[in-house]
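Spelled out from the first residue to the last, the chains are:
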Amino acid sequence: MDRKIALGIIIGVAAIGLVFAAFFTGRSKQPVSVDSKKAVIPVSASAILAQAKDFEVKGNLLDAKTAYQKLVTEYPNLSDVMTWQRKLEELTMKLLFSPVITPKSIQYEIKPGDTLARIAKDNKTTVELIKRSNNLSSDNIVPGKKLKIWTAPLSILVYKGQNILILKADEEIIKTYIVSTGANNSTPVGTYKIVTKLPNPTWFKAGAVVASGSADNQLGTRWLGFNLQGYGIHGTIDPQNLGKQVTQGCVRMANADVEEVFAIVPSGTTVTIVD
């Protein structure tokens with residue numbers, strides 16, 4: 001692996017790890033009171049929270065998201081930080097699947113001869129995401145109409161020790177999911193690419209072929225295969241064991257979660273797995 005890439009991964013993992021370390025250890029640190037006579041008085045967490053809620057009530061999701069991001073960034077040790085992080089991710093997903101143009105998207109005017117598949121490929125996104133974020137019920141598009149197109153590079157980070165999967169855009173956390181990873185530490189550490197995307201996959205196991213939809217098909221409703229044969233991210237028929245190290249090496253998600261990720265990430269998306 002190139003040294004610069006490796007260093008970038010280490011720094012990124014360390015930064016995210018610090019945030020989640022604060023979350024999972026449950027540490028609480030109250031903000032220090034400030035003398036009202038001082039010239040500069042920082043905005044309190046409660047004031048930012050009130051502002052965030054007001055933005056959300058008014059439907060201003062971008063400003064609400066910015067306010068919650070400020071809370072998470074500036075007050076990582078407060079006991080409510082996990083609640084704010086969940087709200088931040090909720091707003092981020094609402095924006096992702098809405099027609100609202102964000103700093104990570106563009107407005108694209110449909111040209112003669114365009115198809116959703118071509119537009120998705122050119123912008124390294126998915127047809128499913130274009131349709132959901134533009135409220136399209138079919139693949140039919142009309143020249144001259146405008147579409148919201150997601151353009152920010154997406155990546156996936158899996159923490160084996162905590163059994164969580166983080167969907168990221170650049171360095172921003174889009175959403176965090178609970179997953180299962182390999183028993184006996186069998187999920188391979190490293191950086192991979194998603195090269196295969198299959199809805200309702202057939203499971204080819206030793207000595208048998210298990211059809212999609214079968215109660216015995218452990219792949220669930222989606223398969224995102226790595227450029228490492230036999231490994232990938234998939235759904236489950238065993239949701240009660242999510243959050244544990246119980247798989248044969250793959251990363252297992254709730255079916256609703258893997259369907260969501262499947263709709264968002266294109267082939268070629270980087271998946272980094274760390275301990």
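What you see is a predicted model, and the numbers here were worked out from it, not measured in a lab.

Taken as a whole and judged by the stated rule, the model has one aromatic pair. Here Y192 and F226 contribute two aromatic rings whose centre-to-centre distance is 5.7 Å and whose plane-to-plane angle is 0°, an arrangement assigned as stacked. One end of the pair, Y192, is in strand β7 (residues 190-199); the other, F226, is in strand β10 (residues 222-226), and 34 residues separate them in sequence. On the basis of relative accessibility, which here comes to 11%, the residue Y192 falls in the buried class. Just above the ring of F262 sits the side chain of R222; from NZ or CZ to the centre is 5.3 Å.

What follows covers the nonpolar core. Counting 29 residues, the largest nonpolar core has I156, L165, I233, I264 and V265 as the members making the most contacts within it. At the level of secondary structure, the elements contributing two or more residues to this core comprise α4 (81-96), β3 (154-159), β4 (164-169), β5 (172-178), β7, β10, α7 (255-264) and β14 (270-274). Of the residues forming this core, the biggest block, four residues, is contributed by α7. Within the second largest apolar cluster, 17 residues are counted, among which are A52, A67, Y68 and W84.

Right, let's get into unusual backbone geometry. With a phi close to 55°, K124 is a non-glycine residue in the positive phi region. Residue position: K124 is located in the loop between α5 (116-122) and α6 (127-133). A positive phi is found at N185, a non-glycine position, where the angle reads about 60°. Examined against the element boundaries, N185 turns out to sit in the loop between β6 (181-182) and β7.

When two helices pack together, their arrangement is given by the angle between the helix axes and the distance between those axes. In the contact formed by helix α2 (residues 45-57) and α4, the axes pass within 13 Å of each other and the chain directions differ by 25°. When the axis of α2 is compared with that of α4, the two are roughly parallel. When you trace α2 past α4, the crossing you get is left-handed. For the pair α2 and α4, contact is made by A45, L49 and E56 and by W84, K87, E90, L91 and K94, respectively.

What follows covers the sheet that holds β4. Judged by pairing direction, the sheet is mixed, and its eight strands sit side by side in the order β5-β4-β3-β14-β7-β10-β11-β13 without closing on themselves. Every interior strand has two partners, whereas the edge strands, β5 and β13 (251-252), have only one. Where β10 lies against strand β11 (residues 232-234), three bridges are found, and the strand directions are antiparallel. Considered in β11, the bridge of W223 is made with H234. Strands β3, β4, β5, β7, β10 and β11 of the sheet are contacted by α7, whose axis makes an angle of about 60° with β10.

Here the focus is the side chain of S105. Within the secondary structure, S105 sits in strand β1 (residues 105-109). Exposure remark for S105: the relative accessible area of 8% places this residue in the buried category. At a separation of 2.8 Å, a polar atom in the side chain of S105 contacts the main-chain amide nitrogen of T102. Excluding its chain neighbours within four sequence positions, the residues that come into contact with S105 are V100, K148, I149, W150 and T151.

Before going further, it helps to examine the packing of helix α3 (residues 61-74) against α4. Here α3 crosses α4 at 150°, and the two axes come no closer than 9 Å. In this view, α3 runs roughly antiparallel relative to α4, as classed from their interaxial angle. At the point where α3 passes α4, the crossing takes the left-handed sense. Here L61, L62, A64, K65, Y68, Q69, L71 and V72 of α3 lie close against α4, whose contacting residues are V81, W84, Q85, K87, L88, L91, T92, K94 and L95. Residue classes in the contact of α3 with α4 are distributed as eleven nonpolar, three polar and three charged.

What counts as what
Residues numbered from 1 in each chain as written. Predicted model: local features only at pLDDT ≥ 70, side-chain atom pairs only at ≥ 80, totals over all residues. Heavy atoms only, no water. Phe/Tyr/Trp six-rings, centres within 6.5 Å; stacked < 30°, edge-to-face > 60°. Helix = DSSP H or I, 4+ residues; strand = E, 2+ residues; numbered from the N terminus. Buried < 20%, exposed > 50% of the residue type's maximum accessible area, 1.4 Å probe, protein only. Lys NZ or Arg CZ within 6 Å of the ring centre and 35° of its normal. Core = buried A, V, L, I, M, F, W, Y, C linked by side-chain atoms within 4.5 Å. Axes fitted to C-alpha atoms, helices over the stretch in contact; angles between N-to-C directions. Parallel < 35°, antiparallel > 145°, perpendicular 65-115°, else oblique. Left-handed = near helix turned anticlockwise from the far one by under 90°. Contact = heavy atoms within 4.5 Å. Pairing = 2+ DSSP bridges. Polar contact = N/O pair within 3.5 Å; in protein donor to acceptor, adjacent residues only side chain to side chain. Nonpolar A, V, L, I, M, F, W, Y, C, P; charged D, E, K, R; others polar.

Function-wise, these values are silent; they only describe arrangement.
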